[in-house]
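So the chains spell out like this:
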Amino acid sequence: MEMESHVFDKLDLQLLSALEVNGRASFSRIGGVLGVSDQTVARRYRRLCAEGGLRVVAMRDGVVLGLDHWTLRLRCVPDSAPTIADALAKRPDTTWIGLASGGTEVVLGTRPRNAGDRDDLLLGKLPRTPHVLEIRAYQQLHRFFGGPQGWLQKFAALAPDQIEALTPDPVPAPGPARLDPEDEPLLAVLERDARATYPELQRATGRSESAVKRRLATLIASGAIYLDCEYRVEAIGHPLHAALWVTVAPAALHSVGEALAAHTPIAHVSATAGPTNLTATAVVRSTSDLYAYLSGPLGHLEGVQHVEATPFLRQVKQLTYRPMLR
């Protein structure tokens, strides 16, 4: 069976949306909200993992933690971009990677843990890579949409009361968002599988199960981490990704960013310092839909001066690294 041929149905979309709201919700809790049995939820979940590439993983929220986030465009010697992209995908400080421009450009997000890591990548490794011809760097200044705000919420697959029923229970006074060195064993497991059981997390951390539950709840409630879903978007009928590089009049930057955040095709949008002052990712059904969006909702926004669209040929990395099928 061709993995790409599987198309998610309404219940699949509801399940994905439920996991976007609460990535650790039990199958019974999700089933109760969706009106199906927990066995049905478990069966659908396993199928989505096998056929749709579904994974639920923990992500550190760099915005909340005060970490830099950069989007990079690397123009490469032809035939070298896939190798460079695969090497970058294995780095823990890269968050997503795509191949674009006929396979001669690598577009990626990177979140260095500290200034040393940033300089090592931007001033050291990349400039010394022989097949990288040009580097354009965009530093994120403000996130309008993305991160813990999942793109699937724009499909309104769940009613407001269903979202409320799935939302994790509040944590009283979770305190400021921070990650401690002793959190690293916990995060190492969650970044591979955010639905790992509490006994698994207990074994990995050496903490008691109750301590693991409290710490994980605190990390999520404080915003230090969030749980995200990775899956093949072509399975919900949206196979085309495109990076958008938008130049906006400075006085209109915030209003344009807020407007894009509300547009259905936009999965992420940020104000940036760099060659353009706003970057976004659009996810659409076809090239004609991309044209309609660029010439319509985006192109008609007051203050937009220039737009460059870069469709992705292939996603090399979405959230965390795993070898991608060619």
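Residues numbered from 1 in each chain as written. Predicted model: local features only at pLDDT ≥ 70, side-chain atom pairs only at ≥ 80, totals over all residues. Heavy atoms only, no water.

This paragraph deals with the nonpolar core. Soluble globular proteins tend to pack their nonpolar side chains together in the buried interior. Counting 41 residues, the largest nonpolar core has Leu 19, Ile 30, Leu 201 and Tyr 231 as the members making the most contacts within it. If you list the elements that add at least two residues to this core, you get α1 (10–21), α2 (27–34), α3 (38–52), β1 (55–60), α8 (184–190), α10 (209–222) and β6 (225–230). Non-local contacts of Leu 19, meaning those with residues more than four positions away in its chain, are made with Ile 30, Tyr 45, Leu 54, Val 56, Arg 195 and Cys 229. Counting residues in each nonpolar core, the second largest holds 25 residues, with Val 248, Leu 260, Ile 266 and Leu 301 among its members. (Core = buried A, V, L, I, M, F, W, Y, C linked by side-chain atoms within 4.5 Å. Buried < 20%, exposed > 50% of the residue type's maximum accessible area, 1.4 Å probe, protein only. Helix = DSSP H or I, 4+ residues; strand = E, 2+ residues; numbered from the N terminus. Contact = heavy atoms within 4.5 Å.)

Time to look at the packing of α2 against α3. It is the contact of α2 with α3, at a shortest axis distance of 8 Å, that shows an interaxial angle of 110°. It follows from the interaxial angle that α2 and α3 lie roughly perpendicular. Between α2, through Phe 27, Ser 28, Ile 30 and Gly 31, and α3, the contact on the second element is made entirely by Asp 38, Val 41, Ala 42 and Tyr 45. Its residues placed into classes, the contact of α2 with α3 shows five nonpolar, two polar and one charged. (Axes fitted to C-alpha atoms, helices over the stretch in contact; angles between N-to-C directions. Parallel < 35°, antiparallel > 145°, perpendicular 65-115°, else oblique. Nonpolar A, V, L, I, M, F, W, Y, C, P; charged D, E, K, R; others polar.)

The eight strands lie next to each other as β2-β4-β3-β10-β7-β9-β8-β5, forming a closed barrel whose pairing is antiparallel. Along the sheet, successive strands turn relative to each other by an average axial angle of 35°, direction set aside. Along the sheet, helix α11 (residues 253–262) makes contact with β5 (132–145), β7 (240–248), β8 (266–273), β9 (278–284) and β10 (304–317), crossing β5 at roughly 85°. (Pairing = 2+ DSSP bridges.)

Oppositely charged side chains are able to pair whenever their charged atoms sit close together. Per the stated rule, a full pass over the model turns up 17 salt bridges. For the salt bridge of Asp 180 with Arg 215, the shortest nitrogen-to-oxygen distance reads 3.5 Å. Highlighted residues: Asp 180 in the loop between α7 (160–166) and α8 and Arg 215 in helix α10, separated in sequence by 35 residues. Judged by its relative accessible area of 16%, Asp 180 is buried. A network of salt bridges, in which partner residues are shared, links Arg 178, Asp 180, Asp 183, Arg 207 and Arg 215. (Salt bridge = Lys/Arg side-chain N within 4 Å of Asp/Glu carboxyl O.)

A few words on the pairing of β8. Bridge count for β5 against β8 is five bridges, and the pairing is antiparallel. Across the sheet, the residue bridging to Phe 145 is Val 269, located in β8. Relative to β9, β8 runs antiparallel, the two sharing five bridges. Following the sheet pairing, Ser 270 is matched in β9 by Thr 279. Between β8 and β9, which follow one another and run antiparallel, lie four residues, and Gly 274 among them has a positive phi close to 150°.

Now for the pairing of β7. Counting buried positions over the nine residues of β7 gives eight, a clear majority of the element. In this structure, β7 lies alongside β9, joined through seven bridges in antiparallel fashion. Note that in β9 the partner of Leu 244 across the bridge is Ala 280. Strand direction decides the pairing type here: β7 and β10, joined by seven bridges, are antiparallel. When the bridges of β10 are listed, Val 246 appears paired with Val 307.

On the secondary structure map, Arg 111 appears in the loop between β4 (105–110) and α6 (115–128). One buried charged residue, Arg 111, forms no salt bridge at all, with the nearest opposite charge on Glu 191 at 5.8 Å. Arg 111 has contacts with Arg 60, Gly 62, Leu 67, Asp 68, His 69, Asp 93 and Thr 95, leaving out every residue within four places of it along the chain. (Lys, Arg positive; Asp, Glu negative; His and termini not counted.)

Below, the discussion takes up the confidence of the model for the protein chain. Chain-level pLDDT for the protein chain is 91 on average; 95% of the residues reach the 70-or-more range. In this model residues 1–5 is a low-confidence stretch, pLDDT under 50, and it forms seven contacts with partners more than four residues away in sequence or in other chains. (pLDDT = per-residue confidence, 0-100.)

Positive phi is not limited to glycine here, since Asp 79 has a value of about 80°. Its location among the elements puts Asp 79 in the loop between β2 (70–76) and α5 (81–89). The phi dihedral of Ser 101 falls on the positive side, at around 55°, and the residue is not glycine. Among the secondary structure elements, Ser 101 is positioned in the loop between β3 (94–100) and β4. Here Ser 101 falls in the partly exposed class, since its relative accessible area comes to 36%.

Following the sequence through the fold, Arg 75 ends up in strand β2. Judged by its relative accessible area of 41%, Arg 75 is partly exposed. Here Arg 75 is in contact with Thr 104, His 131, Val 132, Leu 133 and Glu 134, once residues within four sequence places are set aside.

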